[in-house]
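Each chain, written out:
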Amino acid sequence: IIERADREILPGKAAEKFTEVLSRVIETGKPENIESTVSFGKGKFTLDMNYIPIMDSYGKVNRVLAITHDITGRKQDEQILRDSHSKLEKEVFRQTGELLKAKENFEQAVEMRREEERKIKASNIILQFSPKISSEKEYLDRIVNYVRELIKCRCAGFIIPGSDGRLSYAFYSG
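Overview of the structure. (Residues numbered from 1 in each chain as written. Predicted model: local features only at pLDDT ≥ 70, side-chain atom pairs only at ≥ 80, totals over all residues. Heavy atoms only, no water.)

## Description of the nonpolar core
Phe18, Val21, Val25, Ile34, Val38, Leu47, Met49 and Tyr51 form the largest nonpolar core, which has 8 residues in total. When residues of this core are traced back to their parent elements, those giving at least two are helix H2 (12-28), strand E1 (32-40) and strand E2 (43-55). (Core = buried A, V, L, I, M, F, W, Y, C linked by side-chain atoms within 4.5 Å. Buried < 20%, exposed > 50% of the residue type's maximum accessible area, 1.4 Å probe, protein only. Helix = DSSP H or I, 4+ residues; strand = E, 2+ residues; numbered from the N terminus.)

Structure representation (structure tokens):
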């Protein structure tokens, strides 16, 4: 709007704000940029205003060129983008939590499976000893040695009470 003052175009407080910037540009001779949201009629608009001093032949500001762009749409798009980004971050956080819980459950299931496999392997090995061994003592001695190797322990043992409550067999190794 050529040859019109800000106070003629803009409502009250907005005009005051732009008038302050205009005064600074005239005083300093340096351009300024201001972004502000103003109300016109029933709507709000975000304006990007550039104030550029125009100097006379003596280097004194004799006019100020004000170029205004309505950036309302861009600001709305930026807000939509920020909202989408925030929503996406929340969803990523939620899904990451679910994945970590699933990983933990999987690791627990794998460990339980490994423990079951160790038990099965131990019982299969113990069962393999029986046909090859002639005495109960030899059988139990081999089991104790096997258990020592299995659990990587220097010592292991069995104490087996007899039916009368007395010690019928004790074996320690290590």
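So much for the structure itself; the text now carries on.
## Considering the pairing of strand E3 (residues 61-70)
Sheet topology places E2 next to E3; 9 bridges connect them, and they run antiparallel. Bridge assignment links Tyr51 to a residue of E3, and that residue is Ala66. Between the end of E2 and the start of E3, which pair antiparallel, lie 5 residues, with Gly59 showing a positive phi angle near 85°. (Pairing = 2+ DSSP bridges.)

## What to know about the side chain of Thr72
Tracing the chain through its elements places Thr72 in helix H3 (residues 72-132). Once residues lying within four places of it in the same chain are set aside, the contact partners of Thr72 are Lys44, Phe45 and Thr46. (Contact = heavy atoms within 4.5 Å.)

## Some details on the side chain of Ser36
Mapped onto the fold, Ser36 is located in strand E1. Look past the residues within four positions of Ser36 in its chain and what remains in contact with it is Lys17, Phe18, Phe45, Thr46 and Leu47.

## Structural notes on a nonpolar patch on the surface
On the surface, Ile52, Ile54, Leu65 and Ile67 cluster together to form a nonpolar patch covering roughly 280 Å² of accessible area. Elements supplying a minimum of two residues to the nonpolar patch: E2 and E3. With respect to the helices and strands, the residue Ile52 is situated in strand E2. (Patch = residues over 30% accessible without salt bridge, like charges linked within 9 Å, V, L, I, M, F, W, Y side chains within 5 Å. Areas by Shrake-Rupley, 256 points an atom, 1.4 Å probe, with all protein chains shown as cover. Salt bridge = Lys/Arg side-chain N within 4 Å of Asp/Glu carboxyl O.)

## Concerning the sheet that holds E3
Taken together, 3 strands build an open sheet; the order of strands is E1-E2-E3 and the sheet is antiparallel. Either end of the sheet is taken by a strand with one partner, and the two such strands are E1 and E3. Across the sheet, the mean angle from the axis of one strand to that of its neighbour is 30°, orientation sign disregarded. (Axes fitted to C-alpha atoms, helices over the stretch in contact; angles between N-to-C directions.)

## What to know about helix H4 (residues 136-151)
Working note: α-helix, 3.6 residues per turn, so residues spaced by three or four point in the same direction. Compared with the 22 Å implied by 1.5 Å per residue over 16 residues, the 22 Å span of H4 between its first and last C-alpha is a close match. Among all positions of H4, only Leu140, Asp141, Ile143, Val144 and Tyr146 are buried. Remark: Lys152 follows H4 within two positions and exhibits a positive phi of approximately 55°. (Expected span 1.5 Å × (residues − 1).)

## As for the pattern of salt bridges
If you walk through the whole model with that rule in mind, you get 12 salt bridges. Two residues, Glu35 and Lys75, come together in a salt bridge whose shortest N-O distance is 2.8 Å. Separated by 40 residues along the polypeptide, Glu35 in strand E1 and Lys75 in helix H3 bring together distant segments of the chain. Given the relative accessible area of 25%, Lys75 is considered partly exposed. Each member of the salt-bridge network shares a partner with another, and the members are Glu35, Arg74, Lys75 and Glu78.

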